[in-house]
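# Observations on the three-dimensional arrangement
Spelled out from the first residue to the last, the chains are:
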Protein chains: 2
Amino acid sequence: MTPRRTRPTINQVAEAAGVTKSSVSRAFTRPEMLSEETVRKIFAAAEELGYVPNQTARALSTGKHGNIALIVPDVANPFFPPLIRAAQSEADRSDYCVFLGNSDEKPMQEDKLIARFGGQVEGFLLVSSRLSDEQIVNHAARRPVVLINRDVEGIPRVLIDSATGVAEAVRHLASLGHRKLVYVAGPQGSWSNKQRRAAVRRSARQLGIEVVHIANEYPAFESGRRIVPSVLASGATAAIAFDDVTAQGMLAELLARGISVPEQLSVVGCDDVLGATTYPSLTSVSNRSVEAGRTALTLLVDILSNQAIRDVRYVLSTTVVIRSTTGAAVAMARP
Amino acid sequence: MTPRRTRPTINQVAEAAGVTKSSVSRAFTRPEMLSEETVRKIFAAAEELGYVPNQTARALSTGKHGNIALIVPDVANPFFPPLIRAAQSEADRSDYCVFLGNSDEKPMQEDKLIARFGGQVEGFLLVSSRLSDEQIVNHAARRPVVLINRDVEGIPRVLIDSATGVAEAVRHLASLGHRKLVYVAGPQGSWSNKQRRAAVRRSARQLGIEVVHIANEYPAFESGRRIVPSVLASGATAAIAFDDVTAQGMLAELLARGISVPEQLSVVGCDDVLGATTYPSLTSVSNRSVEAGRTALTLLVDILSNQAIRDVRYVLSTTVVIRSTTGAAVAMARP
DNA sequence: CTGTTAGCGCGTTCAA
DNA sequence: TTGAACGCGCTAACAG
């Protein structure tokens, strides 16, 4: 038997079961309102016809679509896939479908996506949003928004506190004798970048270490390679990069230039997305993106069902994971 | 001014513009049917109220939802994110929203996702589907389906032909003096796996090389590490892995065991997702997933607008990318 | 417990 | 070129 192209409607089921649409509707939403006998009849008829409730029609009358939008700056950046995966499987548990959006690190694109999805989702999960606080607050006024790695007062948010891990990393470098280090930055609009940068500065000052800041808009392997000359020119003996991918690019370029790590330069990454897969294996700040994704999605689902718009601020702290790219500072001439 | 919670409807715009709903509807779908003057008035009113057509209501009456579902086995596997990204941005160009589904390599989960999305999408893009041919044909009978890396007669599909690249890789190894190699397999249900395995065998036979097949269900870094003992035990001098991630795991384990690559064992990956980021940099079969994603999505959109269900079979060929994990075969005792 | 009656917001005939 | 009326498939009062 070949499957029909047009799906059976609630009316056909009603007729087949000898009841009205209302009863069929109830059988699928609140069966406890019906007699067991009726429910049985209806399900039998539905099964027979291969009836499945029409989500769209249901959404039109209830306003609930059962969809959630998940927007990230760059799907291809290894930081996001595990997070996406975690959020997905959590959404799955609550029978939500998730739209995925890729903003390409561009606020305008992100805004456009939110508008496009707006009509058919109940809430948004914005990861590392590049939007302004004002824009975020505005969207949140229309429908529930949960943020990951973005700290906006009044909006439920899950933050991966890389500051703790970064501080540990700086202390680790200090204990190895480093007195001057560079911070290779990430995207301007990134909350994580501001946080990491501040953490590096603060810890360094406390330990009497000098910090050089090097800008680098797009966090990627290639930009990591390109930034190496500036790092070398700075005269620092260690570098902390915005993320693992950037650090990996640096590692490759350093290797290509015959500069040995960590003997001549120590390198630290962030987010630990590469694990021990680089060579030398990368010292990094731990990653909690999976928990962040899971937590944020649970939070969103929670808000959607309780409609209690709480101001939650969930913080996940991090630590430094020491591997093989950090070592003793090179001997330097004293002034 | 604070944004309203409830969006303006077509009726409010109609009233504000001094026309009926019909005209407003037409202004947004077929403006050429209206006088310029009326269209102008309507748009002005819409703009003023911040009116945006309700996708759901529109979908209910037209049957077009403007959504596409993209299902992959594992978002976190680096092969997929670039493909997803490419498909996304292509969908974006045609104003489609995309649902992302993660099947966890499980046919049942994939089926469940298809059912869940079914009600609100116009078509499916199934990547490396783990479903049976029969299941796929069945779904395709209900609504348009485009396949990536899955070859089912009658279903539009985009195939990355890794066979050409794998054959090149085998010849490359042969020219380096290898006489016995192992193929570290991928998921059973994977079309790519079958294709690669067959290509290895065929090329090897032609060149008089012996092949050992080693099963390995889940393609991941850890399983790559675990498989190393078997590889070593086989006595082969070279290994071709199902994908780069598996190969990377092998590399790490080999390094940990003090076995040097390629001096003692040559390793080849597939899909080239890691680029030159491993150490030693991995020889691999080229990756065309971005083109595959873009092409497949264009194809789907095309089918959706032309409703001409053509039997397309788009093949992208590959080559071997030689880097540093392949070298001369180790000297072996002659029998 | 079950049927009846209204919409949800929009597209689309059919007339005018 | 525009308007009036109906229907998409389902849920939600309101009766009974």
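Cut-off values and rules
- Residues numbered from 1 in each chain as written.
- Chains lettered and ligands numbered in written order.
- Predicted model: local features only at pLDDT ≥ 70, side-chain atom pairs only at ≥ 80, totals over all residues.
- Heavy atoms only, no water.
- Near = heavy atom within 4 Å.
- Polar contact = N/O pair within 3.5 Å; in protein donor to acceptor, adjacent residues only side chain to side chain.
- Helix = DSSP H or I, 4+ residues; strand = E, 2+ residues; numbered from the N terminus.
- Nonpolar A, V, L, I, M, F, W, Y, C, P; charged D, E, K, R; others polar.
- Bend = angle between axes of the 7 residues up to and from the residue.
- Buried < 20%, exposed > 50% of the residue type's maximum accessible area, 1.4 Å probe, protein only.
- Contact = heavy atoms within 4.5 Å.
- Axes fitted to C-alpha atoms, helices over the stretch in contact; angles between N-to-C directions.
- Parallel < 35°, antiparallel > 145°, perpendicular 65-115°, else oblique.
- Left-handed = near helix turned anticlockwise from the far one by under 90°.
- Least-squares fit on C-alpha atoms with pLDDT ≥ 70 in both.
- 1 Å grid on protein atoms, 1.4 Å probe; cavity = no way out; pocket = protein on both sides within 12 Å on 5 of 7 lines; lining within 4 Å.
- Points joined across faces, edges and corners; volume = space filled by probe spheres on them.
- Pairing = 2+ DSSP bridges.
- Right-handed = clockwise from strand over helix to strand, strands pointing away.
- UniProt positions renumbered as here; feature names shortened; annotations may be inferred.

- Going by the annotation in an unreviewed UniProt entry, the name recorded for chain A is LacI family DNA-binding transcriptional regulator, with Devosia albogilva given as the source organism.

### Brief notes about the protein's contact with DNA strand C
- The environment of DNA strand C is made up of 26 residues, and the closest members are Ser22, Arg26 and Thr38 of chain A together with Ile10 and Ser25 of chain B.
- Thr20 of chain A is positioned such that a nitrogen or oxygen atom in its side chain is 3.3 Å from a phosphate oxygen of DNA strand C.
- With five residues, the top contributor of residues to the surface near DNA strand C is helix H2 (residues 21-29) of chain B.
- Of the residues contributing to the surface near DNA strand C, the split by class is eight nonpolar, 13 polar and five charged.

### So, helix H10 (residues 221-233) of chain B
Residue and element names in this part refer to chain B.
- The sharpest bend along H10 comes to roughly 35 degrees, located at Ile227, with the proline Pro229 sitting one to four residues further on.
- Among all positions in H10, only Phe221, Ser223, Gly224, Ile227, Val228 and Val231 are buried.
- Contact partners of the buried residues in H10: strand S6 (180-184), strand S7 (210-214), strand S8 (238-241) and helix H11 (244-256).
- Backbone geometry just downstream of H10 places Gly235 in the positive-phi region, at approximately 80 degrees.

### Things to note about the packing of H10 of chain B against H11 of chain B
All names here are of chain B.
- Where H10 contacts H11, the axes come no closer than 7 Å and their chain directions differ by 60 degrees. Classified by the interaxial angle, the pair formed by H10 and H11 is oblique. As for the relative orientation of H10 and H11, their crossing is right-handed in sense. Contacts between H10 and H11 involve Phe221, Gly224, Arg225, Ile227, Val228, Val231 and Leu232 from the first element and Val245, Thr246, Gln248, Gly249, Met250, Ala252, Glu253, Leu254 and Ala256 from the second.
- Residues belonging to the contact of H10 with H11 are distributed by class as follows: ten nonpolar, four polar and two charged.

### Re the relation of the copies chain B and chain A
- In the superposition of chain B on chain A (RMSD 0.2 Å, axial shift 0.0 Å), the rotation amounts to 180 degrees. What the rotation and shift describe, once combined, is the action of a two-fold rotation axis. Measuring from the rotation axis to each C-alpha of chain B, the shortest distance belongs to Phe99 of chain B, at 2.1 Å.
- Here 100% of the interface residues in chain B have copies in chain A that are interface residues too; the copies meet face to matching face.

### Considerations on the layout of surface pockets
- Roughly 1,600 Å³ of internal volume is contained in the second largest pocket.
- Taken together, 48 residues line the second largest pocket, and the ones lying closest to its centre are Arg7 and Val52 of chain A together with Gly118, Gly119 and Arg143 of chain B.
- Those elements that place two or more of their residues in the lining of the second largest pocket are helix H2 (21-29) and helix H4 (55-62) of chain A together with helix H4 (55-62), helix H6 (107-118), helix H7 (133-142) and helix H12 (289-306) of chain B.
- Looking at the lining of the second largest pocket, the element that brings in the most residues is H4 of chain A, giving six residues.
- Of the residues that constitute the lining of the second largest pocket, the class distribution is 19 nonpolar, 19 polar and ten charged.

### Looking at the pairing of strand S4 (residues 145-148) of chain A
Residues and elements named next belong to chain A.
- Judged by which residues are buried, S4 turns out to be covered on both faces: Val145 and Leu147 on one side and Val146 and Ile148 on the other are all buried.
- Pairing of strand S3 (residues 123-127) with S4 involves four bridges; the strand directions are parallel. Bridging from a neighbouring strand, Leu125 pairs with Val146 of S4.
- Tracing the backbone out of S3, into helix H7 (residues 133-142) and back to the parallel element S4 gives a crossover that is right-handed.
- By the bridge criterion, two bridges tie S4 to strand S5 (residues 157-161) in an arrangement that is parallel. Note that in S5 the partner of Leu147 across the bridge is Arg157.

### Describing unusual backbone geometry
Residues and elements named next belong to chain A.
- Here Val261 and Pro262 are connected by a cis peptide whose omega angle stands at 5 degrees.
- Topologically, Pro262 is positioned in the loop between helix H11 (244-256) and strand S9 (266-270).
- You will see that Ser128, though not glycine, has its phi angle at about 45 degrees, which is positive.
- Following the sequence through the fold, Ser128 ends up in the loop between S3 and H7.
- Taking relative accessible area as the criterion, Ser128 reaches 7% and is therefore assigned buried.

### Overview of the side chain of Thr283 of chain A
- Following the sequence through the fold, Thr283 of chain A ends up in strand S10 (residues 283-285).
- On the basis of relative accessible area, Thr283 of chain A is assigned to the buried category, the value being 0%.

### Structural notes on H4 of chain A
- Put simply, Asn54 of chain A is the residue that caps the front of H4 of chain A, since its side-chain oxygen is 2.8 Å from the backbone nitrogen of Thr56 of chain A.
- Gly63 of chain A sits one or two residues past H4 of chain A and shows a positive phi near 85 degrees.

### Re the UniProt feature "domain: HTH lacI-type" (unreviewed entry) in chain A
- Under the UniProt annotation, "domain: HTH lacI-type" (unreviewed entry) lies at residues 8-62 of chain A.
- Helix makes up 71% of residues 8-62 of chain A and strand 0%, and the two end C-alpha atoms of the span are 21 Å apart.

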